[in-house]
Amino acid sequence: SVALKRMLNFNVPPVKNSTGEPVWKVLIYDRFGQDIISPLLSVKELRDMGITLHLLLHSDRDAIPDVPAVYFVMPTEENIDRMCQDLRNQLYESYYLNFISAISRSKLEDIANAAIGANAVTQVAKVFDQYLNFITLEDDMFVLCNQNKELVSYRAINRPDITDTEMETIMDTIVDSLFCFFVTLGAIPIIRCSRGTAAEMVAVKLDKKLRENLRDARNSLFTGDTLGAGQFSFQRPLLVLVDRNIDLATPLHHTWTYQALVHDVLDFHLNRVNLEESTGLESSPAGARPKKKNKKSYDLTASDKFWQKHKGSPFPEVAESVQQELESYRAQEDEVKRLKSIMGIEGEDEGAISMLSDNTAKLTSAVSSLPELLEKKRLIDLHTNVATAVLEHIKSRKLDVYFEYEEKIMSKSTLDKSLLDMISDPDAGTPEDKMRLFLIYYISSAQAPSEIDLEQYKKALTDAGCNLAPLSYIKQWKAFTKMASAPASYGNTTPKPLGLFSRVMNTGSQFVMEGVKNLVLKQQNLPVTRILDSLMEMKSNPETDDYRYFDPKMLRGNDSSVPRNKNPFQEAIVFVVGGGNYIEYQNLIDYIKGKQGKHVLYGCSELFNATQFVKQVSTLG
């Protein structure tokens, strides 16, 4: 976001004019630019930086001849045509053109010609390649793109009929974004990847692109002053490129932590969750049209302290914390009311409060804490709504039961109930929940079930209304990976039920948690985390011993899996080619918490939840 702020300031560090006001300007972006900016900067932050209007490039825009415009778009043919048209129509006072990804020479010439033709050469103030072609969702998480994500999706990479040229294009797209990521980070990584996978193709191309850029001394993007110094220690980061195919169980897994649950059961996209609010159950007169559901959307961002603290917590803990926040808020609210009434101020008359504010120090503190209290109240309401929506899914689908059962399957523990019973239980889960459970069982089993058993499962699944489409691809995948390696192991610990919460069970709570298991997570590393651990800590591990090693700074690329660097890494980036999820992200974050002074970032070519993943797999078989 530092890079974005610099760009919005005409690519100089922020300067205020003599009155201390920022320079007013217009921001013009395309959908790509919008996706990059929206998770990072709110409308209010944009306004504080002097952005009065932000508009899509291809919308109808009125001329504002006395205001400078900052453009933030992909260098595509149609975007450039439209920019040239803006120049010809003299829409703005001056133009700062920022390209998300590097622009080609010929397209630059098109802009120059349009500027000459429109007598606007002096007004095109600057043209920049920003190298920001990736979307940052958290301080430690990024995803490649959102607009054309089906082009780099799991399905696209794993299509049986894919041609070499199509694969090249997909890999180039991924590499372009990763290159932008490292330019922004200002560091050249050491790259490790598994052999014989799409991840390896990405590694080879990225190594080449970084290497070529370093050799081109005059134009290298990795020279002293451009680097965001201070972000990383002098040590270089490790980039671990993993392929989604090493672990297909995790993307299907039911989860128990807050952020991953929101992503699994609600409509959560680029840090924004969209909820349908149920409008109460008041009976409408017969024949009346049912009330429309209100759609509400909430941003769950870094500035939301509750979210930052609890997005990785088990759900029952979240419910309890919302309840506690609410109780502490109510106590403070009563205090404010009491103070107001002592002073004889009724209602919300702020003016009267400030006139009397010197009368009592106590009131002063009450007044100054009002905005803070209102913000606190907004967050409590937000999380009450989001958590309630999640809870409705947990209860109606028995997601706690699914989560616990899948954890047992994945850790090879004894099952207290047969899989067939789970599938045929009409009260537990949607058909898709059952299908996910069965696929996890199928993926995790050392021996694939016999044909007879498989027929029995298929019948039960069909009777439960499941769509069997995803199974055929998973069968092929399992047969293929079986030759390649043993199935991923998921540790051997299962969640411990803790007896239900006493507080949340009190009638005073908003969350009726009756019948929901209070499961507590034990840290166990998922395959991706285990791979990172071996490579970051330089441990020998059959899973990773033959991972390839690339160092773009070495003069000659030598293909070896023998690391030259024997010291453990302090910083690492894990990037999943073929798509990632919040379960894996959370697992990495929990893992790194236990490592003093170490940092890890998680990136993926796209972010999908189980529903989206099942859809992709269904069309592959």
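Being a predicted model, the structure only gives us computed values, none of them experimental.

I'd like to hear about the overall build of the protein chain, residue by residue, with values.
Each helix and strand in the protein chain was counted, giving 23 helices and 17 strands. Buried positions account for 50% of the 621 residues belonging to the protein chain. As displayed, the protein chain offers around 29600 Å² of accessible surface, 53% of which is attributable to carbon and sulfur atoms.

I'd like a description of the confidence of the model for the protein chain, backed by residues and values.
Per-residue confidence for the protein chain gives a mean pLDDT of 77, with 74% of residues at or over 70. Taken together, the stretch residues 224–233 has pLDDT below 50 and engages in twelve contacts with residues farther than four places along the chain or on a different chain. A low-confidence stretch, residues 483–487 stays under pLDDT 50, and its non-local contacts, those more than four residues away or across chains, total one contact.

Give a detailed account of the side chain of Thr544, specifying residues and quantitative values.
For Thr544, the position within the fold is in the loop between α21 (527–536) and β15 (548–550). Its relative accessible area of 2% is what places Thr544 among the buried residues. Apart from the residues within four sequence positions on either side, Thr544 is in contact with Arg192, Ile531, Ser534 and Leu535.

Please give an account of α21 that cites residues and values.
Here α21 lies mainly inside the structure; ten of its ten residues are buried. Within α21, the full set of buried residues consists of Pro527, Val528, Thr529, Arg530, Ile531, Leu532, Asp533, Ser534, Leu535 and Met536. Residues of α21 that are buried make contact with β8 (190–193), β9 (238–243), β16 (571–577), α22 (582–593) and β17 (599–604). Of the residues trailing α21, Met538 is marked for its positive phi of about 60 degrees.

Could you give me a rundown of the environment of Asp463, with the residues and numbers involved?
Structurally, the position occupied by Asp463 is in helix α18 (residues 451–463). In sequence terms Asp463 and Pro431 are 32 residues apart; their C-alpha atoms lie 9.5 Å from each other.

Provide a residue-level description of the pairing of β9, including the pertinent values.
Looking along a regular strand, one sees side chains alternate from face to face of the sheet. A large share of β9 lies buried, amounting to six of its six residues. Residues of β9 alternate between two faces, with Leu238, Val240 and Val242 on one and Leu239, Leu241 and Asp243 on the opposite face, all of them buried. Here β8 pairs with β9 via four bridges, running parallel. Bridge assignment links Ile191 to a residue of β9, and that residue is Leu239. Where β9 lies against β16, six bridges are found, and the strand directions are parallel. What sits directly across from Val242, in β16, is Val576.

Can you tell me about the pairing of strand β4 (residues 92–99), naming the residues and giving the values?
Extensive coverage of β4 is indicated by the burial of seven of its eight residues. Note that strand β3 (residues 64–73) and β4 share seven bridges and pair parallel. Counted as the bridge partner of Phe72 is Asn98 from β4. In this fold, β3 hands off to helix α4 (residues 77–88), which returns the chain to β4; that crossover is right-handed.

Let's hear about the nonpolar core: which residues, and what values?
Of all hydrophobic cores here, the largest spans 75 residues; its most connected members are Tyr258, Val262, Leu266, Val273, Val386 and Leu532. Among the elements that make up this core, the one with the highest residue count is helix α14 (residues 370–397) (eight residues). Leaving out residues up to four positions away in the same chain, Val386 has contacts with Tyr258, Val262, Leu266, Val273, Leu275 and Tyr298. Among the nonpolar cores identified, the runner-up in size contains 34 residues, and Met167, Cys180, Ala198 and Leu239 belong to it.

Give a detailed account of the packing of helix α9 (residues 258–265) against α22, specifying residues and quantitative values.
Remark: α9 packs on α22, axes separated minimally by 9 Å, with the N-to-C direction vectors making an angle of 175 degrees. Classed by the angle they form, the pair α9 and α22 counts as roughly antiparallel. On the side of α9, the interface is formed by Gln259, Ala260 and His263, while α22 contributes Tyr582, Ile583, Tyr585 and Gln586.

So, the packing of helix α15 (residues 399–410) against helix α17 (residues 431–444): which residues are in play, and what are the values?
Viewed as axis vectors pointing N to C, α15 and α17 meet at an angle of 10 degrees, and their least axial separation amounts to 9 Å. One finds that α15 runs roughly parallel with respect to α17. Taken together, the residues of α17 that come into contact with α15 (itself represented by Leu399, Tyr402, Tyr405, Glu406, Ile409 and Met410) are Asp433, Lys434, Arg436, Leu437, Ile440, Tyr441 and Ser444. Residues belonging to the contact of α15 with α17 are distributed by class as follows: eight nonpolar, one polar and four charged.

Break down the sheet that holds strand β7 (residues 141–143) for me, citing the residues and quoting the values.
The sheet built from seven strands is open, its strands ordered β6-β7-β17-β16-β9-β8-β15 with mixed pairing. Edge strands, defined here as strands with exactly one partner in the open sheet, are β6 (135–138) and β15. On average, each strand axis in the sheet is inclined to that of its neighbour by 20 degrees, with strand direction left out of account. Relative to the sheet, α21 contacts β8, β9, β16 and β17, its axis offset from that of β9 by approximately 145 degrees. Of the strands in this sheet, β6, β7, β16 and β17 touch α22, which is tilted by about 170 degrees from β17.

Please give an account of the packing of aromatic side chains that cites residues and values.
Counting across every chain of the model gives 16 aromatic pairs. With 6.3 Å between their ring centres and 45 degrees between their planes, Phe438 and Tyr442 make a pair best called tilted. With Phe438 and Tyr442 both in helix α17 and four residues apart, this pair spans about one turn of that helix. For the pair shown, Phe438 and Tyr442 are each scored as buried. Relative to Tyr457, the ring of Phe438 has its centre 5.2 Å away and its plane inclined at 50 degrees; by these criteria the two rings are tilted. Of this pair, Phe438 sits in helix α17 while Tyr457 sits in helix α18; the two residues are 19 residues apart in sequence, bridging distant segments of the chain. Assessed through its relative accessible area of 12%, Tyr457 is described here as buried.

Got a sec to walk through α22? Specific residues and values, please.
When the terminal C-alpha atoms of α22 are compared, their 16 Å separation across twelve residues agrees well with the 16 Å that a helix rising 1.5 Å per residue should span. Within α22, ten of the twelve residues are buried, which leaves the element mostly enclosed by the surrounding structure. Listed as buried for α22 are Tyr582, Ile583, Glu584, Tyr585, Gln586, Asn587, Leu588, Ile589, Tyr591 and Ile592. N-cap assignment for α22: the residue whose side-chain oxygen lies 3.1 Å from the backbone N of Ile583 is Asn581.

An account of the environment of Ser413 is needed here, citing residue identities and associated values.
Here Ser413 shows up in the loop between α15 and α16 (419–424). Within polar-contact distance, the side chain of Ser413 engages the side chain of Ser411 at 3.0 Å.

Mind laying out the pattern of salt bridges, listing which residues take part and the relevant values?
Inspection of every chain in the model, using the stated rule, returns 26 salt bridges. When the shortest N-O distance is used, the salt bridge between Asp533 and Lys539 registers 2.6 Å. Classification of Lys539 as partly exposed rests on a relative accessible area of 43%. What emerges from the salt-bridge pattern is a single network uniting Asp264, Arg397, Asp433 and Arg436.

An account of the side chain of Ser534 is needed here, citing residue identities and associated values.
Mapped onto the fold, Ser534 is located in helix α21. Classification of Ser534 as buried rests on a relative accessible area of 4%.

Quick notes on the rules
Residues numbered from 1 in each chain as written. Predicted model: local features only at pLDDT ≥ 70, side-chain atom pairs only at ≥ 80, totals over all residues. Heavy atoms only, no water. Helix = DSSP H or I, 4+ residues; strand = E, 2+ residues; numbered from the N terminus. Buried < 20%, exposed > 50% of the residue type's maximum accessible area, 1.4 Å probe, protein only. Areas by Shrake-Rupley, 256 points an atom, 1.4 Å probe, with all protein chains shown as cover. pLDDT = per-residue confidence, 0-100. Contact = heavy atoms within 4.5 Å. Pairing = 2+ DSSP bridges. Right-handed = clockwise from strand over helix to strand, strands pointing away. Core = buried A, V, L, I, M, F, W, Y, C linked by side-chain atoms within 4.5 Å. Axes fitted to C-alpha atoms, helices over the stretch in contact; angles between N-to-C directions. Parallel < 35°, antiparallel > 145°, perpendicular 65-115°, else oblique. Nonpolar A, V, L, I, M, F, W, Y, C, P; charged D, E, K, R; others polar. Phe/Tyr/Trp six-rings, centres within 6.5 Å; stacked < 30°, edge-to-face > 60°. Expected span 1.5 Å × (residues − 1). Polar contact = N/O pair within 3.5 Å; in protein donor to acceptor, adjacent residues only side chain to side chain. Salt bridge = Lys/Arg side-chain N within 4 Å of Asp/Glu carboxyl O.

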